[in-house]
Amino acid sequence: MADNTPTGPVEMGAEMDYAEHEKTYSMFLGLAKYGTIACVALLVAMAFGFFTSAGFISSVILYVIVFALGVYLLK
């Protein structure tokens, strides 16, 4: 069998840039939060437009209102 014991120094890896890690994680959370708000607002507006006789323009207005309300509540 092959001998797998290390012969040199054990590599610990590069040092972590914690500030950059925190920035990236914060951006990911923001994208997840605002993406979820956009999807929920889109589903509400689509249901409103498809299942009522309100029409497209009313659905777009409802989308903007729901999205703005969601952003306001989650800030």
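In this text, all values refer to a predicted model and were calculated from it rather than measured experimentally.

Asker: Pulling in residues and values, what's your account of the overall build of the chain?
Answerer: Regarding its fold elements, the chain presents 2 helices and 0 strands. Counting every position in the chain, which comprises 75 residues, the buried fraction comes to 9%. Summed over its atoms, the accessible surface of the chain is roughly 6,700 Å², and 72% of this surface lies on carbon and sulfur atoms.

Asker: Outline helix α2 (residues 56–74), supporting the account with residue identities and numerical values.
Answerer: Compared with the 27 Å implied by 1.5 Å per residue over 19 residues, the 27 Å span of α2 between its first and last C-alpha is a close match. Here α2 has its buried residues at Ser59, Gly70 and Val71. Along the axis of α2, the buried positions cluster into a sector of 100°, meaning they face one direction only. Exposed and facing more than 90 degrees away from the buried side of α2 are Ile57, Ile65, Tyr72 and Leu73. Check the buried side of α2 and you find it contacts α1 (18–51).

The rules behind the values
- Residues numbered from 1 in each chain as written.
- Predicted model: local features only at pLDDT ≥ 70, side-chain atom pairs only at ≥ 80, totals over all residues.
- Heavy atoms only, no water.
- Helix = DSSP H or I, 4+ residues; strand = E, 2+ residues; numbered from the N terminus.
- Buried < 20%, exposed > 50% of the residue type's maximum accessible area, 1.4 Å probe, protein only.
- Areas by Shrake-Rupley, 256 points an atom, 1.4 Å probe, with all protein chains shown as cover.
- Expected span 1.5 Å × (residues − 1).
- Arc of directions from axis to C-beta.
- Contact = heavy atoms within 4.5 Å.

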